[in-house]
Amino acid sequence: MLLENKVAIITGATRGIGLAIARRFAKEGCNIAFCARSRNEKMIQVEQELIDAGVQAKGYAVDVADYNQAQTFVAEVMQDFGHIDILVNNAGITDDSALKRMTEEQFDHVVGVNLKSVFCMTKAVQPLMWKQGKGSIVNIGSVVGIAGNYNQANYAASKAGIIGFSKSCAKEFAARNIRVNIVCPGFIETEMTAEVPKELMDTWCSRIPMKRPGTTDEVAQACLFLASDMCPYITSVVLPICGGMEDA
Ligand code: NDP
C-alpha cells in the first residue's frame, strides 16, 4: 500500500473531490484527519466509512480560512494522530459573476477562503514538517487559475494565487525534504454538475479534447501520486487534470 501508516490532513472532505481523495488515500492505508465547517450528519457518515475501511479517521469542524482555527486544528490532529505526513488543501468555494457586477464582498470572500486557507494551513503544518524533515503538501488549484474564465475573476485570482504561493513554499521547503505541488482539475463531475442540464453539459464537453468531464477519482489518483513516496524528486509542479483542455 502506498500510504501505509501515514497521516494525511484533507480539508473539505465531506463531499466532492475531497471525499474522493480521502477514500483513495484510505484504500492505501492512510490515516485521515479531515474537516469541513460543521460537524454534521455527513461528516459523521464519512468518518465512519473511513474507519470501516480499516484506517484511523476523524472529522473536525474547522473554517480553514481562519488562522487561529487552522492552528488549533493542526494541534488537535497532532494530539489525536501523533504525526502529519501529508496536507491536501482542497477546501474551496465559488461565487461567480461578471466583473461588472462583482462586489467587493464576493471578491474578498472567494479569495479569503480559497487562497487564505492554503496560507493558514501551510503555516500551521510547516513547523512540524520542518522538524520531521519530510512532508508532502498537495494544493488543489484549477485550470481556471491558469487560463482564466468568464464570470470567475475572483475564483481565477484565488487559484492563480495558490500556484504562486505553492511554488514559493516549494523553494523555501525543498532543502527540508518537504514537497509542495499543485493539482489543477478542469471540469469534474460532482454532485453539483449532476444538476446541469444535459444540453449544457454537452456544450461544455464538446470543448474538451477527451469529450467528457473528469471524475473525482481521476483527481484523487493524481493527488495520491504526488502525496506518496513514488515521486520524491517532484516539487513545485502544476499538474492539470483536464482531458487536454487547450489553454491549461
Ligand atoms: P465541494 O463544494 O463539493 O466541496 C467543498 C468542501 O470544502 C466541502 O466539504 C465543504 O464543506 C468544504 N469547505 C468549504 N469551505 C470551507 C471552509 N472555509 N473551511 C473548511 N471546509 C470548507 O467542492 P468540489 O469537490 O467541487 O471542489 C473541491 C476543490 O476542487 C475546490 O478547491 C475547488 O475549487 C476545486 N476544483 C473543483 C472543480 C470541479 O469541477 N468540481 C474544478 C477545479 C477545481 P462545508 O461546506 O460543510 O464546509
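Here, every reference points to the structure presented above.
Described below are features of the structure shown in this document. Per chain, the residues get numbers from 1 upward, laid out in the order the sequence is written. Since the coordinates come from a predicted model, pLDDT governs what is reported: local features require at least 70, and pairs of side-chain atoms require 80 or more to be given and counted, while whole-chain, interface and lining totals use all residues. Each side-chain value is derived from all of the structure's non-hydrogen atoms; neither hydrogens nor water enter the calculation.

1. A closer look at the overall build of the chain
When helices and strands are tallied, the chain shows eight helices and seven strands. Two things to know: the radius of gyration comes from C-alpha atoms, and the globule rule equals 2.2 Å times the number of residues to the power 0.38. In summary, the chain has a C-alpha radius of gyration of 17 Å against a globular reference of 18 Å for 248 residues, a match within 12%. Residues are treated as being in contact if the distance between any of their heavy atoms lies within 4.5 Å. For the chain, the proportion of contacts with a sequence separation of at least 24, taken over those separated by at least 6, is 73%. Of the roughly 12,000 Å² of accessible surface on the chain, a fraction of 53% belongs to carbon and sulfur atoms. Counting 24 positive and 27 negative side-chain charges, the chain places the averaged centre of each group 5 Å from the other. Strands are runs of DSSP state E lasting at least 2 residues, helices are runs of H or I lasting at least 4, and numbering of each runs from the N terminus. Residue-level accessible areas treat just the shown protein chains as cover; the underlying method is Shrake-Rupley with a 1.4 Å probe. Under the counting rule used here, the positive set is Lys and Arg, the negative set is Asp and Glu, and His together with the chain ends is not counted. Positions of charges follow a simple convention, taking NZ of Lys, CZ of Arg, CG of Asp or CD of Glu.

2. A look at unusual backbone geometry
Trans peptide bonds make up the majority, and among non-glycine residues the majority have a negative phi. A positive phi angle, close to 65°, is found at Asn151, a residue other than glycine. Within the secondary structure, Asn151 is located in the loop between α5 (144-147) and α6 (153-173). If you check the backbone angles, Asn177 has positive phi at about 65° while not being a glycine. Relative to the helices and strands, Asn177 is located in the loop between α6 and β6 (178-185). When a residue's accessible area, from a 1.4 Å probe over protein chains only, is under 20% of the maximum for its type it is buried; when over 50% it is exposed; and in between it is partly exposed. A relative accessible area of 44% places Asn177 in the partly exposed class.

3. Details of the side chain of Lys6
Looking at where Lys6 falls in the secondary structure, it is placed in the segment before β1 (7-11). When neighbours within four sequence positions are excluded, Lys6 is seen to be in contact with Gly29, Cys30, Asn31, Asp85, Ile86 and Asp229.

4. Looking at the nonpolar core
Counting 35 residues, the largest nonpolar core has Ile10, Ile21, Phe25, Ile32, Leu50 and Val183 as the members making the most contacts within it. At the level of elements, β1, α1 (16-27), β2 (31-36), α2 (41-52), β4 (86-89), β5 (135-140) and α8 (216-227) are the ones that each hand at least two residues to this core. If sequence neighbours within four positions are ignored, Ile32 has contacts with Ala8, Ile10, Ala22, Phe25, Ala26, Leu50, Gln56, Ala57, Lys58 and Phe81. We define a nonpolar core as any set of buried Ala, Val, Leu, Ile, Met, Phe, Trp, Tyr and Cys residues linked to one another through side-chain atoms lying within 4.5 Å. One finds Ala33, Cys35, Leu87 and Leu128 within the second-largest nonpolar core, a separate group that totals 27 residues.

5. Points about the packing of aromatic side chains
Classification of ring pairs uses Phe, Tyr and Trp, with its six-membered ring standing for Trp, and accepts pairs whose centres are within 6.5 Å; under 30 degrees between planes counts as stacked, over 60 as edge-to-face, and the remaining range as tilted. The final tally for this structure, using the stated rule, is five aromatic pairs. Ring centres 6.2 Å apart and planes at 85° place the aromatic pair Trp130 and Phe173 in the edge-to-face group. Linking Trp130 in helix α4 (residues 104-132) with Phe173 in helix α6, this pair joins segments that are 43 residues apart in sequence. The buried category is assigned to Phe173, whose relative accessible area is 4%. Between Phe187 and Trp204 the ring centres are 5.0 Å apart and the planes differ by 90°, which places this aromatic pair in the edge-to-face class. Of this pair, Phe187 sits in the loop between β6 and α7 (198-206) while Trp204 sits in helix α7, and the two are 17 residues apart along the sequence. Exposure remark for Phe187: the relative accessible area of 15% places this residue in the buried category. Look at Trp204 and you get partly exposed, because its relative accessible area is 32%.

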